[in-house]
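# Descriptive analysis of the structure
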Amino acid sequence: LLNEVGAPPRLKTHIAGESLLNDGSAFVFFNIFYNMDLYRFTNGKHGTDFDWGSGIVYFLKLSLGSAALGTAIGLVLVIFVW
């Protein structure tokens, strides 16, 4: 659709990046709520019980860790291909 309307390449990059950010955030939030529900439905045998503070720390750990891992893999691939 963006090609048909003649959108500039920079706009396409912004839209693709925003889409990846939304998908990543949704995955992290799903992981948090899945673990909370699993903890509650199994009476504490599985999953994790998050409060606000630990939920935010877990979100940042997964988000920033994923970004760091992606950057590291990208750099390795660039060095390998170059």
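Before reading on, note that the structure itself is shown above.
A quick note: this is a predicted structure, and the numbers were derived from the prediction, not measured.

What follows deals with the overall build of the protein chain. Scanning the protein chain for helices and strands turns up 3 helices and 0 strands. From first element to last, N terminus to C terminus, the protein chain shows the α and β order α-α-α. Over its C-alpha trace the protein chain gives a radius of gyration of 18 Å, far above what one expects of a compact globule, namely 12 Å for 82 residues. Overall, the protein chain is about 55 × 35 × 20 Å in size when its C-alpha atoms are taken along their principal axes. Carbon and sulfur atoms make up 71% of the accessible area of the protein chain, which amounts to about 6900 Å² in all.

So, about unusual backbone geometry. Phi is positive for Asn43, close to 55°, though the residue is something other than glycine. Of the residues examined, Asn43 reaches a relative accessible area of 69% and is grouped as exposed.

Quick look at the side chain of Asn31 now. For Asn31, the position within the fold is in helix H2 (residues 9–41). Overall, Asn31 belongs to the buried group, its relative accessible area being 19%. Here the side chain of Asn31 touches Asn35 through a polar contact of 2.8 Å, side chain to side chain. Excluding residues that lie within four positions of it along the chain, Asn31 makes contacts with Tyr58 and Leu62.

The biggest cluster of nonpolar side chains holds 5 residues, and these are Val28, Ile32, Met36, Phe50 and Tyr58. Every residue in contact with Val28, bar those within four places of it in the chain, is listed here: Phe59, Leu62 and Ser63.

The next point concerns the layout of surface pockets. By volume, the largest pocket is sized at about 210 Å³. Taken together, Leu20, Leu21, Gly24, Ser25, Phe27, Val28, Phe59, Leu62, Ser63, Ser66 and Ala67 make up the lining of the largest pocket. Broken down by secondary-structure element, the contributors of at least two residues to the lining of the largest pocket are H2 and helix H3 (52–81). Residues belonging to the lining of the largest pocket are distributed by class as follows: 7 nonpolar, 4 polar and no charged. Around the second largest pocket, the lining residues are Phe29, Ile32, Phe33, Met36, Phe50, Asp51, Trp52, Gly55, Ile56 and Phe59. Of all the secondary structure elements, the ones that give two or more residues to the lining of the second largest pocket are H2 and H3.

Definitions and limits used
- Residues numbered from 1 in each chain as written.
- Predicted model: local features only at pLDDT ≥ 70, side-chain atom pairs only at ≥ 80, totals over all residues.
- Heavy atoms only, no water.
- Helix = DSSP H or I, 4+ residues; strand = E, 2+ residues; numbered from the N terminus.
- Rg over C-alpha atoms; globule rule 2.2 N^0.38 Å.
- Areas by Shrake-Rupley, 256 points an atom, 1.4 Å probe, with all protein chains shown as cover.
- Buried < 20%, exposed > 50% of the residue type's maximum accessible area, 1.4 Å probe, protein only.
- Polar contact = N/O pair within 3.5 Å; in protein donor to acceptor, adjacent residues only side chain to side chain.
- Contact = heavy atoms within 4.5 Å.
- Core = buried A, V, L, I, M, F, W, Y, C linked by side-chain atoms within 4.5 Å.
- 1 Å grid on protein atoms, 1.4 Å probe; cavity = no way out; pocket = protein on both sides within 12 Å on 5 of 7 lines; lining within 4 Å.
- Points joined across faces, edges and corners; volume = space filled by probe spheres on them.
- Nonpolar A, V, L, I, M, F, W, Y, C, P; charged D, E, K, R; others polar.

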